[in-house]
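What follows is each chain in one-letter form.
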Amino acid sequence: MNMSETLTTAAKAFGTREASAPLQPLTIERRTPTPRDVEIDILYCGVCHSDLHTARNEWHGTVYPCVPGHEIIGRVISVGAHVDKFKVGDMVGVGCMVDSCQDCEHCKQGLEQYCEAGNIQTYNSPDKHLSIQTFGGYSERVVVDENFVLRIPENLDPAAAAPLLCAGITTYSPLRHWKVGPGKKIGVVGIGGLGHMAIKLAHAMGAHVTVFTTSERKKADALRLGADEVVLSTDIEQMKLSRKLDFVLDAVSADHDINAYLHHVKTDGTLALVGAPEKPLPVAAFSLIPGRKNFAGSMIGGIAETQEMLDFCGEHQITSDVEIINIQEINQAYERMLKGDVKYRFVIDMMSLKDA
Ligand code: NAP
Ligand code: ZN
């Protein structure tokens, strides 16, 4: 597989060779660590809806074979000679990015996710070292530039901390950017992996949180997670009166009527999309014009901000609500995720791959 000069070793993984095929065991190559690299034995990997979108080529850019997984927790098993941030035995995390140019305006500002040269994602990006695509965390080991490795607070359960690496930072970053805090009324649309983290984080930041869900059965959980109000979005009566929210975070993975949620944004307020459905979402001009409303988007978060989020979660004892699975159950887990039947993030115990 390796066509460059870099030395590699084989690693067990789980992935797919085509959009319509189930995930299955694969063997991939990992580079021999360079002096700046950290080699990580993967213990847990969260299952993000982006893994499913990518495995099934719903965003139309998947290169096969595809090994998803970007909510990685593991232990450092070796470090390169010039690594000074980590040592063997450290509990670490890797999120959605493994590299960037580390030199452009955005990278210098800690916004590596908006790197002008394009960030290198943990999976399905051109690998800087090997002339193949990057492979994600549904595997036994990963080798990452130390600047893209995160420190995990010791008081957090490692399995439940895994989803912080994507679901956590993807919701924390826009909540901070749009200054969510005491005195602000915010909305969260969709109680999935991202949505349930947004509820916990916004509550911990001191905001008043209104949750919009299509699932009546999730109402009690939403309140337990930190919501102040829950709106059943399929009930026309409950959706009628605008809640006049300062900020709404939309974390929905599928086609939905965005105008119904813009209706709940107050004058000069913002609705930001983090959910990335396959098809475009039509926005009516008159959903935005009358209240001078803002319609925005946000992508994960930078490395320094990801560490800030992890430390915030350590301080506030925040982790994800997880259901631990074996890698052999990943295809059933994808089907359940499509039905919104997850409480509220699947996390793979990677021992199941090593032992297989
Ligand atoms: P998830 O766990 O599957 O949650 C999605 C939730 O959306 C569901 O639980 C459901 O919540 C709601 N939903 C589903 N279908 C719906 C519909 N037709 N109408 C209204 N609501 C619906 O997914 P996730 O992992 O949280 O990811 C959510 C989205 O964010 C995905 O598209 C993912 O690719 C994207 N994402 C973006 C970034 C970024 O950087 N921007 C990062 C990670 C993920 P209820 O049952 O409560 O309605
Ligand atoms: Zn993700």
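Only a predicted model underlies this, so the values are computations on that prediction, with no experimental measurement involved. (Residues numbered from 1 in each chain as written. Chains lettered and ligands numbered in written order. Predicted model: local features only at pLDDT ≥ 70, side-chain atom pairs only at ≥ 80, totals over all residues. Heavy atoms only, no water.)

Quick notes on the coordination of the zinc ion (ligand 2)
Argument step 1. For the zinc ion (ligand 2), every protein donor is listed as Cys48 (SG), His70 (NE2) and Cys166 (SG), and the spread of their distances is 2.0 to 2.2 Å.
Argument step 2. With relative accessibility at 3%, the residue cysteine 48 sits in the buried group. (Donors = N, O, S within 2.8 Å, 3.2 Å for Na, K, Ca; no water. Buried < 20%, exposed > 50% of the residue type's maximum accessible area, 1.4 Å probe, protein only.)

A few points about unusual backbone geometry
Argument step 1. Cis geometry is found at the peptide bond from tyrosine 64 to proline 65, where omega equals 0°.
Argument step 2. Examined against the element boundaries, proline 65 turns out to sit in the loop between helix 1 (49-55) and strand 4 (72-79).
Argument step 3. Of note, the bond from lysine 343 into tyrosine 344 is cis; its omega dihedral lies within 30 degrees of zero at -15°.
Argument step 4. Position of tyrosine 344 relative to the elements: it lies in the loop between helix 11 (330-338) and strand 17 (345-349).
Argument step 5. One non-glycine residue, asparagine 57, adopts positive backbone phi at about 60°.
Argument step 6. Structurally, asparagine 57 is set in the loop between helix 1 and strand 4.
Argument step 7. The phi dihedral of isoleucine 300 is positive, around 25°, even though this residue is not glycine. (Helix = DSSP H or I, 4+ residues; strand = E, 2+ residues; numbered from the N terminus.)

A short note on the domain arrangement of the chain
Argument step 1. Here the domain parsing of the chain yields domain 1 (3-166 + 321-354) and domain 2 (167-297).
Argument step 2. Just the C-alpha atoms count here: the centres of domain 1 and domain 2 sit 28 Å apart.
Argument step 3. Every contact between the two is made by 17 residues of domain 1 and, on the other side, 20 residues of domain 2.
Argument step 4. The largest per-residue losses of area from domain 1 upon contact with domain 2 belong to Cys166, Asp321 and Tyr344, which jointly make up 42% of the total buried on that side.
Argument step 5. Inspection of the domain 1/domain 2 interface yields three salt bridges. (Domains from an automatic or database assignment. Contact = heavy atoms within 4.5 Å. Buried area = accessible area lost by both parts, 1.4 Å probe. Salt bridge = Lys/Arg side-chain N within 4 Å of Asp/Glu carboxyl O.)

Quick word on the packing of helix 4 (residues 167-177) against helix 5 (residues 193-204)
Argument step 1. As a packed pair, helix 4 and helix 5 sit with axes 8 Å apart at the nearest point and diverge in direction by 50°. Our classification of the angle between helix 4 and helix 5 gives oblique. The hand of the helix 4/helix 5 crossing is right-handed. Together, Ala167, Gly168, Thr170, Thr171, Tyr172 and Leu175 of helix 4 and Gly193, Leu194, Met197, Ala198, Leu201 and Ala202 of helix 5 make up the contact between the two elements.
Argument step 2. Tallied by class, the residues present in the contact of helix 4 with helix 5 amount to eight nonpolar, four polar and no charged. (Axes fitted to C-alpha atoms, helices over the stretch in contact; angles between N-to-C directions. Parallel < 35°, antiparallel > 145°, perpendicular 65-115°, else oblique. Left-handed = near helix turned anticlockwise from the far one by under 90°. Nonpolar A, V, L, I, M, F, W, Y, C, P; charged D, E, K, R; others polar.)

Quick word on the packing of aromatic side chains
Argument step 1. Scanning the model with the defined rule gives three aromatic pairs in all.
Argument step 2. Ring geometry for phenylalanine 212 versus tyrosine 261: centroids 5.6 Å apart, planes at 80°, classification edge-to-face. A residue pair is termed long-range when its members are at least 10 positions apart, and phenylalanine 212 in strand 11 (residues 208-213) and tyrosine 261 in helix 8 (residues 259-262) qualify at 49 residues.
Argument step 3. By relative accessible area, tyrosine 261 is classed as buried at 8%. (Phe/Tyr/Trp six-rings, centres within 6.5 Å; stacked < 30°, edge-to-face > 60°.)

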